[in-house]
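Residue-level listing of the chains:
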Amino acid sequence: MVKIALFGYSDSGKTTLFRYLTGKNEELYDPFKPCIGVGIYKDSNIDRITEIHKARKVVYPEFEFFDFKGFPLSQGFPDNYFSHFFDMDIIVCVINNFSETSSPEKESASLLMELILYDTEKIQSILKKRDDGTSAISQQQVDVLKKGLKVLEDERLLNEMADVDKRLIYGIQLLTTRQVFLYINGARQKFTLPAGCPYLIQNEPDALSLYKSIMKALSLITFYTVKGDIVQGWVIPSSYTARQAAGKIHKDIEKGFIKAAVLPVKDFLEIGSWQAAKNTGALKFLGPNSLISDGDIVEFYFH
């Protein structure tokens, strides 16, 4: 399940957004412990497939949201605040642009700087330990970290670095190697957004737009399965092969993979049924290393 950190200052509307997405109203007062809830991505394609297939059960993709406590802009965030962020797939910075006292340009730049300064101090500490002989990181990692330090000094994020470099420092707990997204909460005033970050401006909470934006930022796609009277949506990285996509459903299907029959959802809607598509030769068959496309309906064949 995709893990999403909601990060923002006090009164940014972050917790209201969390409750809207998850339906969870739990109050936690530990500043280092986030509220955790599950949001349902109600993909309209699933509804269309369900209607045509007359399915009795629908299973939508789910995303896990972590609502981290906000602190005043003037105060910043305490030590160890980011200790739970390293399991996240994406950090969504929630920016107040709805209240009369909001300063979205200042707030967005400040939140990004919190992340950049954390990574800067972490890399400087690691490099110092390497010089002191108390760190066992390789010379390749040292070179990448020094390169990363220059990126941060330019007030840019480490996720801009080449994938080969990010893989070399994958095990080091840095914040901005993951995707960072700006959620501009409201449209009260116009302002200049910081460069290099994907963003979404919302007048009102809109779950569907947020999910789609997060999926785009993470290069995720959706495929669908129709089994008996159950229609289900699955979210996977766009780089996944057909065999890897099968493993999303069950490891046994991945292990015994033979082939996958696929049909774009738009073709399914035009043809009217999976069986009719099969009878007319509209299905396309993929081998284990072929890529699933966004919006494919898939039937896996396996031992």
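Residues numbered from 1 in each chain as written. Predicted model: local features only at pLDDT ≥ 70, side-chain atom pairs only at ≥ 80, totals over all residues. Heavy atoms only, no water.

## Some remarks on helix α4 (residues 139-153)
With 15 residues, α4 extends 21 Å from end C-alpha to end C-alpha; this agrees with the ideal 21 Å at 1.5 Å per step. Considering only its buried residues, α4 is in contact with α3 (104-132) and α5 (163-168). Looking one or two places after α4, you find Glu155, whose phi comes out positive at around 60°. (Helix = DSSP H or I, 4+ residues; strand = E, 2+ residues; numbered from the N terminus. Expected span 1.5 Å × (residues − 1). Contact = heavy atoms within 4.5 Å.)

## As for the sheet that holds strand β2 (residues 35-40)
As summarised here, the arrangement of the 6 strands in space is β2-β4-β1-β5-β6-β7, forming an open sheet in which the pairing is mixed. Edge positions in the open sheet fall to β2 and β7 (199-202), since each of these has one partner strand only. Neighbour-to-neighbour, the strand axes of this sheet turn through a mean angle of 25°, independent of strand direction. The sheet contact formed by strand β1 (residues 2-7) and strand β4 (residues 62-67) spans 5 bridges and is parallel. Paired with Lys3 across the two strands is Glu64, which belongs to β4. Its contacts with the sheet place α3 against β1, β5 (90-96) and β6 (179-185), and it is angled at close to 150° to β5. Sheet contacts for helix α6 (residues 207-217): β1, β2, β4, β5, β6 and β7; angle to β6, the most-contacted strand, approximately 155°. (Pairing = 2+ DSSP bridges. Axes fitted to C-alpha atoms, helices over the stretch in contact; angles between N-to-C directions.)

## Observations concerning the state of the cysteines
Counted by the stated rule, this structure contains 0 disulfides. With no disulfide of its own, Cys93 lies 6.6 Å from the sulfur of Cys197, the closest cysteine sulfur. (Disulfide = S-S within 2.5 Å.)

## Description of the layout of surface pockets
When its volume is computed, the largest pocket comes out at roughly 1,100 Å³. Met88, Asp89, Tyr170, Arg178 and Leu218 are, among the 30 residues lining the largest pocket, the residues nearest its centre. Those elements giving two or more residues to the lining of the largest pocket turn out to be α5 and β9 (230-237). For the lining of the largest pocket, the residue count by class is 15 nonpolar, 8 polar and 7 charged. (1 Å grid on protein atoms, 1.4 Å probe; cavity = no way out; pocket = protein on both sides within 12 Å on 5 of 7 lines; lining within 4 Å. Points joined across faces, edges and corners; volume = space filled by probe spheres on them. Nonpolar A, V, L, I, M, F, W, Y, C, P; charged D, E, K, R; others polar.)

## What about the packing of aromatic side chains?
As enumerated under the stated definition, the model contains 24 aromatic pairs in all. Taken together, a centroid distance of 4.6 Å and an interplanar angle of 40° make the contact between Phe77 and Tyr81 tilted. With 5.8 Å between their ring centres and 45° between their planes, Tyr81 and Phe85 make a pair best called tilted. According to the relative accessible area criterion, Phe85 is buried, its value standing at 0%. It is Lys69 that lies over the ring of Phe71; its NZ or CZ is 5.7 Å from the centre. The ring of Phe285 carries Lys259 above its face, with NZ or CZ at 4.6 Å from the centroid. (Phe/Tyr/Trp six-rings, centres within 6.5 Å; stacked < 30°, edge-to-face > 60°. Buried < 20%, exposed > 50% of the residue type's maximum accessible area, 1.4 Å probe, protein only. Lys NZ or Arg CZ within 6 Å of the ring centre and 35° of its normal.)

Coordinates in, geometry out; function isn't part of it.
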